[in-house]
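Commentary on secondary and tertiary structure
Here are the chains, one letter per residue:
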Amino acid sequence: MKKGVIILLFLLFVPIVFSQEIKGFVNDYANIIDNEQELSLILQQIYDSGVAEYAIVTIDSLEGKDIESYSLDLAQGNLGDTEKNNGLLLLIALEERKYRFEVGRGLEYILNDAKVGRIGRTYLVPNFQEENYQQGVLEASLSIRSILLGDINSTYYPSETISA
C-alpha cells in the first residue's frame, strides 16, 4: 500500500518537474537571463500595443522532445488572443543549444520564417556562441519590437539604445 502511494505521488509530480509553463513575459527556467525587468518592459510594450503577446521561455533541456513540439505545446492556448492568433514565443533549450520562435498565424505576415530566422542568426547565434544569452535575447527582442511596432521592414542594430 505504501509503495503504491509513493508511486502515485511520483506520477502526479513528474509532469510538473518536466514541463515548464508560461507564467509571464520572461520565464527563465534555465537561469541565463540576468535582467528580466529590461526584457519584460520590451515585451510589455509589445503586449500593450495589441499587436502581439510575446513571451520568452528558457529551459535547461528538452528532455528528449523535439523543440518544434515542445514550443508548440507551450504556446498553443497560452499566448496571444484566440481570435487574432497573435502569440509569439522564443524558446531556448540550453543543453541542446537550440532556440525556436513559435509564431502565431496572425503574425506570420509580419514575422515570417525568413524574418525570424534572420533575427536568430543575427542576434541569438553570435551572442549565444559567446554565452551572452542576455544580450542575444535583448537584441532579438528589440528587433522584434521594432518590426511589430514600427516599420515592418525596420531592424534593430546593436548600436541603438533602448527608449521607453
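As a starting point, this report considers the structure included with it. (Residues numbered from 1 in each chain as written. Predicted model: local features only at pLDDT ≥ 70, side-chain atom pairs only at ≥ 80, totals over all residues. Heavy atoms only, no water.)

**Some remarks on the nonpolar core**
Threshold: By convention a nonpolar core is built from buried Ala, Val, Leu, Ile, Met, Phe, Trp, Tyr and Cys residues, the set being connected through side-chain atoms within 4.5 Å. Exposure categories follow from relative accessible area, calculated using a 1.4 Å probe and restricted to protein chains: below 20% of the type maximum is buried, above 50% is exposed, and the middle band is partly exposed. Strands here mean DSSP runs of E at least two residues long; helices mean DSSP runs of H or I at least four residues long; both are numbered from the N terminus. In what follows, a contact means two residues having at least one pair of non-hydrogen atoms within 4.5 Å.
In this structure, Y54, F101, L111 and I144 are the most contacted members of the largest nonpolar core, which totals 33 residues. Contributions of two or more residues to this core are made by α2 (36–49), β2 (53–59), β3 (87–93), β4 (98–103), α4 (113–129) and α5 (133–149). Element by element, the count of residues in this core is highest for α5, at eight residues. In this structure, F101 is in contact with Y54, L88, L89, L90, V116, I119, G120, L124, A140 and I144, ignoring residues within four places of it in sequence.

**Brief notes about the layout of surface pockets**
This is how it is decided: Throughout, the protein atoms alone are placed on a 1 Å grid, and a set of points is a cavity if a 1.4 Å probe fits but cannot get out or a pocket if it is open with protein on both sides within 12 Å along at least five of seven lines; lining residues have an atom within 4 Å of a point. Grid points are joined across faces, edges and corners, and a volume is the space filled by probe spheres set on the points.
Roughly 490 Å³ of internal volume is contained in the largest pocket. What lines the largest pocket is a set of 23 residues, and nearest its centre among them are L72, E102, V103, G104 and R105. The element that contributes the greatest number of residues to the lining of the largest pocket is β4, accounting for five residues.

**So, α5**
To keep it simple, the criterion reads: By this rule the span expected of a helix is its residue count minus one, scaled by 1.5 Å.
Between its first and last C-alpha atoms α5 spans 24 Å; for 17 residues at 1.5 Å apiece the expected length is 24 Å, and the two agree. With respect to burial, α5 is a largely interior element, 14 of its 17 residues being buried.

**A word on α4**
Worth spelling out the cut-off: The angle between axes fitted to the seven-residue stretch ending at a residue and the seven-residue stretch beginning at it gives the bend at that residue. Here a polar contact is recorded for every N or O atom pair within 3.5 Å, except that within protein the pair must consist of a potential hydrogen donor and a potential acceptor, and residues adjacent in sequence are included only if both atoms are side-chain atoms.
Of all the bends in α4, the greatest measures close to 35° and is centred on R121. Listing the buried residues of α4 in full gives K115, V116, G117, I119, G120, Y123, L124, N127 and F128. With a side-chain oxygen lying 3.2 Å from the backbone nitrogen of A114, the N-terminal cap of α4 falls on N112. At the exit of α4 stands E131, carrying a positive phi of roughly 60°.

**As for the environment of L79**
Considering the arrangement of structural elements, one finds L79 in the loop between α3 (67–75) and β3. For L79, a relative accessible area of 10% puts it in the buried group. Spatially, the C-alpha atom of L79 lies 7.8 Å from that of L89, the residues being ten residues apart in sequence. In contact with L79, not counting residues within four places along its chain, are I22, E53, A55, G87, L88 and L89.

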